[in-house]
Amino acid sequence: MNTKIDILDTKNLDKDVIFTIGNIIRDGGLVAFPTETVYGLGANALDSEAVKKIFVAKGRPQDNPLIVHIAEFNELDRLVQNVPDIAKKLMKCFWPGPMTLILEKKPIIPDTTSAGLKSIGIRMPSDIIAREIIKSSGVPIAAPSANISGKPSPTDMERCVEDLNGKIDYIIGGETSKVGLESTIIDCTVNPPCVLRPGGITLEMLKKVDEKIYIDKAIMEKPKENLKPKAPGMKYRHYAPKAPVKIVKGELKKTIAKINEIVQNYIGQGKKVGIMATDETKDLYNDALVISLGSRKDLNSIGKNLFETLRCFDDKEVDIILSEAFDEIGFGVAIMNRLNKSAGFNIIDV
Ligand code: TXA
Ligand code: MG
């Protein structure tokens, strides 16, 4: 398949391209487009055949439900029912933005989109291109991250091209995703609501709306055999670059010493090592390819750069990636959730 590629200027959106994309989606095609979290691979959420093509293009397991994206509040009513008051409050506070709510679905949403579940994840993105594409299509858009299943999610157009060129109808480039990690998922079919995936809307922010909201403990731990996760997608190997990732966790000085010690072991075996460091530590490592995620004082930059940095290490063909850890507060919870998964919970405590 010939994939068309266009880059849009967010300050002066090309209306013709948006119109074309809207038609492609409505008619059952697949389009990768920017959102503020990560780039998404979109199809008409109400068209079962179109949604099936998403699973094929990504190589995604069929039991992993998709998130449905809307642009206006009045679209909700035809998609979901029995929306609890707390969900309405959360929407008012955090939509448009990086938050997905799991709600009871109406029959109009095909089983292919919800992977057979009675509930569905709904999100209203804030990215201007995403919003205009949804409006132009006139339909809700089912969109997982626009990567091959298992790989780190793409935060720019080039990574979508790398994974999906030749497999989908169109790839739209816009800004680099501002958040860099996927949306916070909150299950609102239970009371109190429960966070199934941490993201840019942090627990601290959610607790200001309802202090009973909590994070499902299981998501920060290594998945237990036989345990069925509440978000089906959380059980799969995820965010994984080709090289194995090891996290070194503890006091920063000890972390640096331990990472340098491990590097020397690998160098002795003729291996090429990548280190995910921070602005504060990047000059303290030797004999490895060091990339800083950003300053420890700015967790937003760490989250924004995490997936792209993992993919960079793949480009450089390192044999092993060593990463520093981050405190699990605020956005740090989402960062550590993705990092733990990319490392398969391979953590060295110092
Ligand atoms: O930020 C995002 O949410 C991005 C952008 C493109 O909007 N999308 C995204 O989609 O991350 P995806 O497919 O990569 O992740 C969707 C996650 C999966 O872990 C899935 O299991 C969970 O949402 N999920 C979807 N519907 C669900 C449901 N009804 N109940 C529980 N979990 C659900
Ligand atoms: Mg994904």
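Residues numbered from 1 in each chain as written. Chains lettered and ligands numbered in written order. Predicted model: local features only at pLDDT ≥ 70, side-chain atom pairs only at ≥ 80, totals over all residues. Heavy atoms only, no water.

Chemist: When you look at the overall build of the protein chain in this model, what are you seeing that I'm missing?
Modeler: Helix and strand content of the protein chain: ten helices and 17 strands. Viewed in the frame of its principal axes, the protein chain has a C-alpha envelope of about 60 × 50 × 40 Å. The buried share of the protein chain, reckoned over its 350 residues, is 56%. The long-range share in the protein chain, meaning contacts at least 24 apart out of those at least 6 apart in sequence, stands at 70%. (Helix = DSSP H or I, 4+ residues; strand = E, 2+ residues; numbered from the N terminus. Buried < 20%, exposed > 50% of the residue type's maximum accessible area, 1.4 Å probe, protein only. Contact = heavy atoms within 4.5 Å.)

Chemist: How do you make sense of the UniProt feature "binding site: L-threonine" (unreviewed entry) in the protein chain when you look at a structure like this?
Modeler: In the UniProt entry, the feature "binding site: L-threonine" (unreviewed entry) is given for Thr37, His69, Arg123, Ala143 and Ser183. The named residues occupy 147 residues along the chain; their greatest pairwise C-alpha distance, 12.6 Å, places them in one compact cluster. Of note, Arg123 is situated in strand β7 (residues 119–123). There is a polar contact of 2.8 Å between the side chain of Arg123 and the side chain of Glu36. Leave out the neighbours within four places in its chain, and Ser183 touches Thr37, Ile67, Pro98, Met99, Thr100, Arg123, Arg197, Pro198, Gly199 and Arg338. (UniProt positions renumbered as here; feature names shortened; annotations may be inferred. Polar contact = N/O pair within 3.5 Å; in protein donor to acceptor, adjacent residues only side chain to side chain.)

Chemist: I would appreciate a short explanation of the packing of aromatic side chains in the present structure.
Modeler: For any two aromatic rings, the description comes down to two numbers: the centre-to-centre distance and the angle of the planes. Counted by the stated rule, this structure contains one aromatic pair. An angle of 50° between the planes, with centres 6.2 Å apart, marks the rings of Phe73 and Trp95 as tilted. Note that Phe73 is positioned in the loop between β4 (67–69) and β5 (80–81) and Trp95 in the loop between α3 (85–94) and β6 (99–105), a separation of 22 residues in sequence. Under the relative-accessibility criterion, Phe73 is labelled partly exposed at 41%. (Phe/Tyr/Trp six-rings, centres within 6.5 Å; stacked < 30°, edge-to-face > 60°.)

Chemist: When you look at the side chain of Ser145 in this model, what are you seeing that I'm missing?
Modeler: In this fold, Ser145 is placed in the loop between β8 (141–142) and α6 (157–164). Among the polar contacts listed, one links the side chain of Ser145 to the side chain of Asn147, at a separation of 2.6 Å. Apart from residues lying up to four places away in sequence, Ser145 is in contact with Val38, Tyr39, Gly40, Leu41, Lys58, Ser153 and Pro154.

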